[in-house]
Amino acid sequence: MTKRQIFGLVSAVVLLLGAFFPIVEFNGILGGTKSVSYFGDNNSYGKLIVLYAIAGIVLAALRQERWIIIPAGIAVLQLAYALYEYNNALTSVTNNPWAELFLQQALNIQLSPIGWVLMFAGAIGLALTPYLPFSSGISHRVPMGKSSKDDNNFFI
């Protein structure tokens with residue numbers, strides 16, 4: 001297994017795990033902290049992130065690193081758009097004076113960085129996998145002027 005393959009697998013697993021970590025946290029009405037993961041959200045975008053991560057795992061395992069850029073690029077774009085949308089939704093709710101009075105005191109809604117950081121790190125690492133300068137294996141180059149037959153001349 002090459003270093004590039006291992007890096008791709010690790011990045012895909014980080015992306016996969018990030019989908020299950022919290023992206024939004026809030027205080028419950030009856031107390032305690034509640035959180036929502038990207039996978040546990042009611043939309044299907046979290047499931048798409050899991051599919052992109054699985055595609056990255058399969059492509060890295062099959063040593064098809066050049067094709068990893070497709071699911072990784074789509075995942076980065078989707079996550080950037082989702083973060084923008086979540087941030088806008090929370091900002092619009094908290095800019096309303098009546099909602100701010102209720103939500104800020106009762107729920108204290110905020111973005112949780114752990115899920116976002118893991119998903120972005122995994123997706124960006126997966127996207128960079130084909131471009132990393134890792135060597136693909138051991139080089140068997142023979143110095144100029146030598147041949148592999150010369151190595152056998154040491155034995156009589």
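Here is what the cut-offs are and how they apply
- Residues numbered from 1 in each chain as written.
- Predicted model: local features only at pLDDT ≥ 70, side-chain atom pairs only at ≥ 80, totals over all residues.
- Heavy atoms only, no water.
- Helix = DSSP H or I, 4+ residues; strand = E, 2+ residues; numbered from the N terminus.
- Contact = heavy atoms within 4.5 Å.
- Areas by Shrake-Rupley, 256 points an atom, 1.4 Å probe, with all protein chains shown as cover.
- Buried < 20%, exposed > 50% of the residue type's maximum accessible area, 1.4 Å probe, protein only.
- Phe/Tyr/Trp six-rings, centres within 6.5 Å; stacked < 30°, edge-to-face > 60°.

S.K.: Go over the overall build of the chain, please, and point to the residues and values.
M.R.: Looking only at helices and strands, the chain has five helices and three strands in total. For the chain, the sequential pattern of α-helices and β-strands runs α-β-β-α-α-α-β-α. Put simply, 70% of the contacts in the chain that link residues at least 6 apart link residues at least 24 apart. Element-wise, carbon and sulfur atoms account for 66% of the exposed surface of the chain, whose accessible area totals about 10,300 Å².

S.K.: Go over the environment of Lys34, please, and point to the residues and values.
M.R.: For Lys34, the location among the structural elements is in strand β2 (residues 33-37). Under the relative-accessibility criterion, Lys34 is labelled partly exposed at 43%. Sequence-wise, Lys34 and Ile109 are 75 residues apart; in three dimensions their C-alpha atoms are separated by 9.6 Å.

S.K.: Please give an account of the environment of Leu17 that cites residues and values.
M.R.: Position of Leu17 relative to the elements: it lies in helix α1 (residues 3-18). It is 7.4 Å that separates the C-alpha atoms of Leu17 and Leu118, two residues lying 101 residues apart in sequence.

S.K.: Give me the lowdown on the side chain of Ser11, citing residues and values where you can.
M.R.: Along the chain, the position of Ser11 falls in helix α1. Ser11 gets classed as buried once you look at its relative accessible area, which sits at 7%. Beyond its immediate chain neighbours, meaning those up to four positions away, Ser11 contacts Gly122, Gly125 and Leu126.

S.K.: Quick one: what's the story with the packing of aromatic side chains, residue by residue and with numbers?
M.R.: Per the counting criterion, the structure on display carries three aromatic pairs. With centroids separated by 4.7 Å and ring planes inclined at 50°, the aromatic side chains of Phe20 and Phe39 adopt a geometry described as tilted. With a gap of 19 residues between them, Phe20 in the loop between α1 and β1 (22-27) and Phe39 in the loop between β2 and α2 (45-61) connect regions that are remote in the sequence. Its relative accessible area of 44% is what places Phe20 among the partly exposed residues.

In short, shape yes, function no, at least from these values alone.
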